[in-house]
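Structural features, examined
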Amino acid sequence: MTQSLTIRRPDDWHVHLRDGAMLEAVARHTARQFARAIIMPNLTPPVTNVEAAKAYRARIMAALGEGSDFTPLMTCYLTDGIDPAEIERGYAEGVFAACKLYPAHATTNSAHGVTDIRALTGVLETLQRIGMPLLIHGEVTDKTVDIFDREAVFVERTLAPLTRDYPALKIVLEHITTAEAAAFVTDADHPIAATITPQHLMINRNALFDGGLRPHAYCLPVLKRETHRLAVRAAAVSGSPRFFLGTDSAPHVVGAKESGCGCAGIFNAPFALEAYLSVFDEEGALARFEGFASEHGARFYGLPLNEGTVTLVREDVVVPDRIGEGDASVVPFLAGATLGWRFKG
Ligand code: NCD
Ligand code: ZN
């Protein structure tokens, strides 16, 4: 049995580092495991221009302290009125790595998101022309569509036409959760890829109701039934370059989760690689882990692969019940559970 795995340094292609006290508490967990990360822009107010992205990048680096070699890859939050020239300038200056599309009201801090994707013509034409990736939260917000169907309906109603209208637009469908999304990304004759979170590989929607209501298993897109988990797992370990690691680590303070209206988001950054690797191990796919964690994403974004390596060893690690204190006390994904791999650095 393989006792130790050394891979090229990995990247996280979807993470929420937040701001203020929470940023101070969580950033180091991502920087400890990953060389780079795509930083989600859904702050309040959202990151919608080059100056805001530069300032946020500086706050992230300040939170990590002197000597950190972590690279935050900044994203621009798309709004209805956003100026394509600002996006193009930010990309040309190396500030923006991608744009993030939140359908308005789809998830946490998405109130300023896009009400009608078809109205974004100027932005989409610009992204297509300059080769800048569009990252999509792929759920319809139609209240008549069941919450468990919102991703599959988005794929059919919005994503399929989008790929037809913009045949060269680079798209990353973020945090996929369904067989429909996995099949679309696998089969599309289009430059499209998808990120996959640890939670959507490891648990299904039963986890939301396991002996009672479980707010720490609640994220968006919401967990789906077992058949979907298995389809997403198969995609992750398939070796296809279209699927790569994106934790969607999304911390909320304990009180905001354990509430009459608990926030969506799972904080998985501290043991992200251990969680993913346990899945690849169970699937007999250790040889494909490096591609998923360290190669496919960079190649899709057109960025160089990282130098250096990290090592994980087959050793038990117990996930603590809480991480951080006070204003930044968060319950991590898999709190109290034992994982069979340990990150050594
Ligand atoms: C994210 C957050 O809290 O910012 N929540 C989540 O459930 N994933 C937003 C998002 O990515 O949808
Ligand atoms: Zn997210």
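First things first, this report covers the structure right here in the doc. (Residues numbered from 1 in each chain as written. Chains lettered and ligands numbered in written order. Predicted model: local features only at pLDDT ≥ 70, side-chain atom pairs only at ≥ 80, totals over all residues. Heavy atoms only, no water.)

Membership of the largest hydrophobic core comes to 92 residues, with the highest contact counts inside it found for Leu78, Leu134, Leu159 and Leu162. Beyond its immediate sequence surroundings of up to four residues, Leu159 is in contact with Ile136, Phe154, Ile171, Leu173, Phe184 and Ile192. One finds Leu73, Ala98, Phe300 and Tyr301 within the second-largest nonpolar core, a separate group that totals 15 residues. (Core = buried A, V, L, I, M, F, W, Y, C linked by side-chain atoms within 4.5 Å. Buried < 20%, exposed > 50% of the residue type's maximum accessible area, 1.4 Å probe, protein only. Contact = heavy atoms within 4.5 Å.)

Residue Thr44 is joined to Pro45 through a cis peptide bond whose omega torsion reads -5 degrees. Residue Pro221 follows Leu220 across a cis peptide bond; omega there is -10 degrees. Position of Pro221 among the secondary structure elements: in the loop between α7 (198-202) and α8 (226-237). Backbone geometry places Arg18, a non-glycine residue, at a positive phi of 60 degrees. Looking at the element boundaries, Arg18 is found in the loop between β2 (11-15) and α1 (20-33). For Arg18, a relative accessible area of 13% translates into the label buried. The phi dihedral of Asn109 falls on the positive side, at around 50 degrees, and the residue is not glycine. Within the secondary structure layout, Asn109 lies in the loop between β5 (96-101) and α4 (121-130). Given a relative accessible area of 32%, Asn109 falls into the partly exposed group. (Helix = DSSP H or I, 4+ residues; strand = E, 2+ residues; numbered from the N terminus.)

Checked against the element boundaries, Thr79 lands in the loop between β4 (71-77) and α3 (84-92). Note on Thr79: relative accessible area 18%, which makes it buried. Polar contacts involving the side chain of Thr79 include one to the main-chain amide nitrogen of Ile82, which spans 3.3 Å. Ignoring anything within four residues of it in the chain, the contact list for Thr79 reads Thr48, His112, Val114 and Leu120. (Polar contact = N/O pair within 3.5 Å; in protein donor to acceptor, adjacent residues only side chain to side chain.)

To continue, consider the packing of aromatic side chains. Under the counting rule described, the total for this entry stands at eight aromatic pairs. Taking 5.3 Å as the distance between ring centres and 40 degrees as the angle between the ring planes, the aromatic pair formed by Tyr77 and Tyr102 counts as tilted. Pair noted here: Tyr77 is in strand β4 and Tyr102 is in the loop between β5 and α4, with a separation of 25 residues, a long-range link. Look at Tyr77 and you get buried, because its relative accessible area is 0%. Ring centres of Phe280 and Phe292 lie 5.1 Å apart, and the angle between their planes is 45 degrees; on these two criteria the pair is classed as tilted. Placement of the pair is Phe280 in helix α10 (residues 272-282) and Phe292 in helix α11 (residues 289-301), with a sequence separation of 12 residues. With a relative accessible area of 0%, Phe280 lands in the buried category. Its relative accessible area of 1% is what places Phe292 among the buried residues. (Phe/Tyr/Trp six-rings, centres within 6.5 Å; stacked < 30°, edge-to-face > 60°.)

Just geometry here; none of it tells us what the structure is for.
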